[in-house]
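Report on the structure
What follows is each chain in one-letter form.
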Amino acid sequence: MFKIKLAFSALFLSLFFSPILAQAAQVALKSDYLLAESETVVNNFYLIAEKASLLGRVSRDAVFLAGNLESLGRLSGDLLAGAGMAQISSEVLGDFRFVGGNLQVSGRVNGEFLAAAGELQVKPEARIMGEARMAAGRLVIDGELGGALYAAGGEVVLNGRIKGPVSVWAERLVLGPKAEILGDLTYQSPLKAEINEGAVVRGKTTFQTVNESPVFSRESLTTFFSSWRLAMLLGSILLIFVLFKFLPQLIGGVVTRVFSRPFVSLLFGLGTIILLPFLTVLLFVSVIGWPLGAMFLLTFSGLLLLARVLAGVLLGVWLFRLVRREGEPELSWQALLAGPSLLFVISHVPVLGNLALAATFFLTLGALSQLIWYKLVRKTQ
């Protein structure tokens, strides 16, 4: 059970710790979006839409967040996608990363493949050339995999050609009649695998019994990926993208103040959470102060929302600075993606998770309060 949870946590983190850079980018925020077959996006492409159909070509990296996603065009870089339902028939020359509800893959991926979904199907015409890591309530692989496979699910069905070794954690493992595994097969499950006539394993097969059913049941994953917490995560990433696009000075100012004066930021954060609600109540109870109290209430609400969202950015910047071990804190698209995702995972850790959330929240809130305070002081001078 612990190995399965650890594998899922690592997979979820790796989905967002992507090597995607965005020095020059095209950003689209629309309800319905269509990239026609004749169109080409020459820069990195960041798309957020309720429904997206991508028939054209993207010359560099792509990030797609959509309720319903259909991708048929050629993607020359990496693809990071999050969707309720997705059909990927594209040729992806780089790595592929996905998190969402239902994923069907019928295209070609030349790089690594990382995906976590409620239901995941790799169709017979699909070709995945790099290492594949997949987690799903129900996972069906009918296509060809050119490298190693690491899979976890409630039900895992292997019915295609896999050239590398295979490691599976599943409640139920099925090898279909067209399954051909050229490497070793290692699996953990409460039950022995169901092996149909015609299935072939060229390497060694190792079976380890687990007493508990894996956590990757179809019901649990579907519930998880449709939960409000995941919706909040994707919403936070969306808001961060918008803020970084249109208000980069705000994010940069918060990061700079926290790293340059962390103790002062923490004091400002604690002061804001105590004093601002107190002042708001005092203004509301006075007859002439209620308009100002309403303004304070709106300001306080906005600060809390921004602090909660930007806390993930702060964590991402700190992480990448820690990895480099030197240099000034630097904003990057990796930090914008990795930070909120890491904060999401940390929030599920008892005690330590709450401490990390509180620390990043108060630091960010304090930095925001400082920016507003000093701006007001300069205006009055």
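The structure this text deals with has already been given above.
Residues numbered from 1 in each chain as written. Predicted model: local features only at pLDDT ≥ 70, side-chain atom pairs only at ≥ 80, totals over all residues. Heavy atoms only, no water.

1. With respect to the overall build of the protein
Of the regular secondary structure elements, the protein holds eight helices and 22 strands. The burial tally for the protein puts 48% of its 381 residues in the buried class. Counting only carbon and sulfur atoms, one obtains 61% of the accessible surface of the protein, whose full area is about 18,200 Å². (Helix = DSSP H or I, 4+ residues; strand = E, 2+ residues; numbered from the N terminus. Buried < 20%, exposed > 50% of the residue type's maximum accessible area, 1.4 Å probe, protein only. Areas by Shrake-Rupley, 256 points an atom, 1.4 Å probe, with all protein chains shown as cover.)

2. Thoughts on the pairing of strand β13 (residues 132-141)
Within β13, eight of the ten residues are buried, which leaves it mostly tucked inside the rest of the structure. In this structure, strand β11 (residues 113-122) lies alongside β13, joined through nine bridges in parallel fashion. Residue pairing for β13: Q121 is matched across the bridge by V140. Direction of pairing for β13 relative to strand β15 (residues 149-158): parallel, over a ladder of nine bridges. Counterpart to R133 in the pairing with β15 is Y150. (Pairing = 2+ DSSP bridges.)

3. Some words on the environment of L55
Along the chain, L55 turns up in the loop between β3 (44-54) and β4 (57-58). Measuring from C-alpha to C-alpha, the distance between L55 and S90 comes to 8.6 Å, with 35 residues separating the pair along the chain. With near-sequence residues (within four places) excluded, L55 lies in contact with L34, L35, A36, E37, L72 and G73. (Contact = heavy atoms within 4.5 Å.)

4. Thoughts on the nonpolar core
In globular proteins that are soluble, nonpolar side chains generally tend to be buried together. Grouped together as the largest cluster of nonpolar side chains are 54 residues, with contacts concentrated most on F64, L69, L103, F113, M134, L149 and L158. Beyond its immediate stretch of four places on either side in the chain, F64 contacts F45, L47, L54, L69, L75, L79, L80, A81 and G82. Judged by nonpolar contacts, the second largest core, of 23 residues, contains F244, A335, F361 and L365. (Core = buried A, V, L, I, M, F, W, Y, C linked by side-chain atoms within 4.5 Å.)

5. Section: the packing of aromatic side chains
What the rule picks out here adds up to five aromatic pairs. Measuring from ring centre to ring centre gives 5.7 Å for Y33 and F45, while their planes differ by 50 degrees; the resulting arrangement is tilted. Taken as a pair, Y33 in strand β1 (residues 25-35) and F45 in strand β3 lie far apart in primary sequence, twelve residues in all. F45 shares its class with Y33; the two are buried. (Phe/Tyr/Trp six-rings, centres within 6.5 Å; stacked < 30°, edge-to-face > 60°.)

6. Considering the side chain of S189
Within the fold, S189 resides in strand β19 (residues 185-189). Given the relative accessible area of 1%, S189 is considered buried. Within polar-contact distance, the side chain of S189 engages the backbone oxygen of A170 at 2.9 Å. A polar side-chain atom of S189 sits 3.2 Å from the main-chain carbonyl oxygen of E171. Contact partners of S189, with chain neighbours within four places excluded, come to A170, E171, R172, F207, Q208, T209 and V210. (Polar contact = N/O pair within 3.5 Å; in protein donor to acceptor, adjacent residues only side chain to side chain.)

7. Focus on the pattern of salt bridges
Inspection of the entire model under this criterion finds ten salt bridges. R97 serves as the salt-bridge partner of D95, at 3.6 Å between the closest nitrogen and oxygen. Residue R202 is joined to E180 by a salt bridge in which the shortest nitrogen-to-oxygen separation is 3.3 Å. Taken together, the positions of R202 in the loop between β21 (200-201) and β22 (205-209) and E180 in strand β18 (residues 180-181) put the pair 22 residues apart, joining distant regions of the chain. R202 gets classed as exposed once you look at its relative accessible area, which sits at 56%. When salt bridges with common partners are traced through the structure, they connect R138, E155, R172 and E194 into a single cluster. (Salt bridge = Lys/Arg side-chain N within 4 Å of Asp/Glu carboxyl O.)

8. Details of the side chain of S53
Following the sequence through the fold, S53 ends up in strand β3. What S53 contacts, discounting residues up to four positions off in sequence, is Y33, L34, L35 and E70.

9. Some points on a nonpolar patch on the surface
A cluster of nonpolar side chains, I274, L275, F278, L279 and L282, forms an exposed patch at the surface whose accessible area comes to about 500 Å². As for its position among the elements, L275 is in helix α5 (residues 262-285). (Patch = residues over 30% accessible without salt bridge, like charges linked within 9 Å, V, L, I, M, F, W, Y side chains within 5 Å.)

10. As for the environment of P248
If you trace the backbone, P248 turns up in helix α4 (residues 248-260). You can call P248 partly exposed: its relative accessible area is 32%. It is 9.4 Å that separates the C-alpha atoms of P248 and L331, two residues lying 83 residues apart in sequence.

11. Brief notes about the pairing of strand β17 (residues 166-175)
Counted residue by residue, β17 has eight buried out of ten residues, so it is predominantly covered. With nine bridges joining them, β15 and β17 adopt parallel strand pairing. Counterpart to V157 in the pairing with β17 is V174. Inspection of the sheet shows β17 paired to β19 by four bridges, in the parallel sense. Residue pairing in the sheet places W169 in a bridge with Q188 of β19. In this sheet, strand β20 (residues 194-195) lies alongside β17 in parallel orientation, the contact comprising two bridges. Residue pairing across strands places V174 opposite E194, the latter belonging to β20.

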